[in-house]
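Understanding the architecture of this molecule
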Amino acid sequence: MEVRKIGVVGAGQMGSGIAQVAAQAGFEVVLVDVAESFLERGLKAIQRSLGRFVEKGRIAPQDLEATLGRIRTTVVLGDLAEADLIVEAIVEDEGEKRRLFERLGSLVKPEAILASNTSSIPITALARYSGRPERFIGMHFFNPVPLMQLVEVIRGELTSEETRDVVVEVARRMGKTPLEVQDYPGFVSNRLLMPMINEAIEALREGVATKEAIDGVMRLGMNHPMGPLELADLIGLDTCLAIMEVLHRGFGDDKYRPSPLLRRMVQAGLLGRKTGRGFYTYDEKGNKVG
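Residue indices begin from 1 for each chain and proceed along its sequence in written order. Local features in this predicted model are restricted to residues whose pLDDT is 70 or higher, and side-chain atom pairs enter the listing and the counts only when it is 80 or higher, whereas totals over whole chains, interfaces and linings include all residues. With hydrogens and water set aside, each side-chain value is computed from the structure's full complement of heavy atoms.

Looking at an unreviewed UniProt entry, the chain carries the name 3-hydroxybutyryl-CoA dehydrogenase, with the source organism given as Thermus scotoductus.

Here it is in structure tokens:
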């Protein structure tokens, strides 16, 4: 199967990034969200990202215009009917994803592949909702999508080898390195990463050290490019909580219990960069100011 047109559902941080790398790779892209304002914000994020690439000499100015020309936006899910591959990048909530895939499964052409960018929800469960489990797969990108090399490729119990092969090839055309992992809660990336972030939040709650010291230890002592609390703000504390809850339910082990501080911050709406305040505060461009 040859993929020519890619649909992306969700124009947020992840969805806009996926749309960008797909368009840069030469695919025709249809970016869908529920409101024009979300689509406008997603397109502006793509323009800023491409603009930085031009400034750094990574792409030519004409490449910026060509990439944007391959992206069409719409609030009509039915505009994905002729897409060859549809990547879901909506909120990390199984109920929301279930409702979306139930609609997509009956809407898109029979040979189309459905992929989820979920960072933790079991692919086998989502595949069942789609009605086409053989043509369903996990395609987990990393933030910021235009810069991060990895795509976790996760086959469900019934995902066909052909589907896996097509998605691996698409990821490579996007300039990514696809690595196949098994369908376990959190896959590999978040099974390792999220407990570390959660433990950093617990250390802060217990008063072991300040947020600056906790992040500094991991940057300077472990050579991490970003401390775990800074990273949690980048990911979104609501997403971190959702992933920890999936791990906790999936494994039934209290070592994955979300920190009470994480839960309180989400309840207070302190979600990180996207709300301007999490463990740190941020300006409207997402720069840390305090």
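There's plenty left to go through after this.
Moving on, we come to the UniProt feature "binding site: NAD(+)" (unreviewed entry) in the chain. UniProt positions are given in the numbering used here, feature names are shortened, and annotations may be inferred rather than shown by experiment. On the UniProt side, "binding site: NAD(+)" (unreviewed entry) is annotated at positions that read Gly-10, Ala-11, Gly-12, Gln-13, Met-14, Gly-15, Asp-33, Glu-92, Lys-97, Ser-119, Asn-143 and Lys-274 here. Here Ala-11 lies in the loop between β1 (5-9) and α1 (13-24). Relative accessibility thresholds used throughout: buried, under 20% of the residue-type maximum; exposed, over 50%; partly exposed, between the two (1.4 Å probe, protein chains only). For Ala-11, a relative accessible area of 6% translates into the label buried. Aside from chain neighbours lying at most four places away, what touches Ala-11 is Ser-16, Leu-31, Val-32, Asp-33, Phe-38, Leu-39 and Gly-42. Labels follow the DSSP assignment, with helices taken as runs of H or I lasting at least four residues and strands as runs of E lasting at least two, numbered in each case from the N terminus. Whether two residues are in contact is decided by their heavy atoms, any of which lying within 4.5 Å being enough.

Further remarks concern unusual backbone geometry. Backbone geometry follows two general trends: most residues other than glycine have a negative phi, and most peptide bonds adopt the trans configuration. Residues Asn-143 and Pro-144 are joined by a peptide bond in cis, for which omega reads 0°. Relative to the elements of secondary structure, Pro-144 occurs in the loop between β6 (136-140) and β7 (150-155). Phi angles above zero are rare outside glycine, and Phe-187 is one such case at about 55°. One can find Phe-187 in the loop between β8 (177-181) and α7 (189-205). Accessibility expressed as a relative area gives 3% for Phe-187, which makes it buried. The phi angle at Asn-223 is positive, at roughly 60°, despite the residue not being glycine.

Moving on, we come to the pairing of strand β5 (residues 113-116). Residues Ile-113 and Ala-115 point to one face of β5 and Leu-114 and Ser-116 to the other, with burial holding for every one of them. In terms of strand pairing, strand β4 (residues 85-88) meets β5 through four bridges, oriented parallel. Bridging from a neighbouring strand, Val-87 pairs with Ala-115 of β5. In the classification by handedness, the crossover that spans β4, the intervening helix α4 (residues 94-107) and the parallel β5 is right-handed. Paired strands, in this sense, are two strands between which DSSP finds at least two bridges. The sheet contact formed by β5 and β6 spans three bridges and is parallel. When the bridges of β6 are listed, Ser-116 appears paired with Gly-138. Think of it like this: strands point away, you trace from the first strand over the helix to the second, and a clockwise trace means the crossover is right-handed. In this region the chain leaves β5, passes through helix α5 (residues 123-130) and returns to the parallel neighbour β6; the handedness of that crossover is right-handed.

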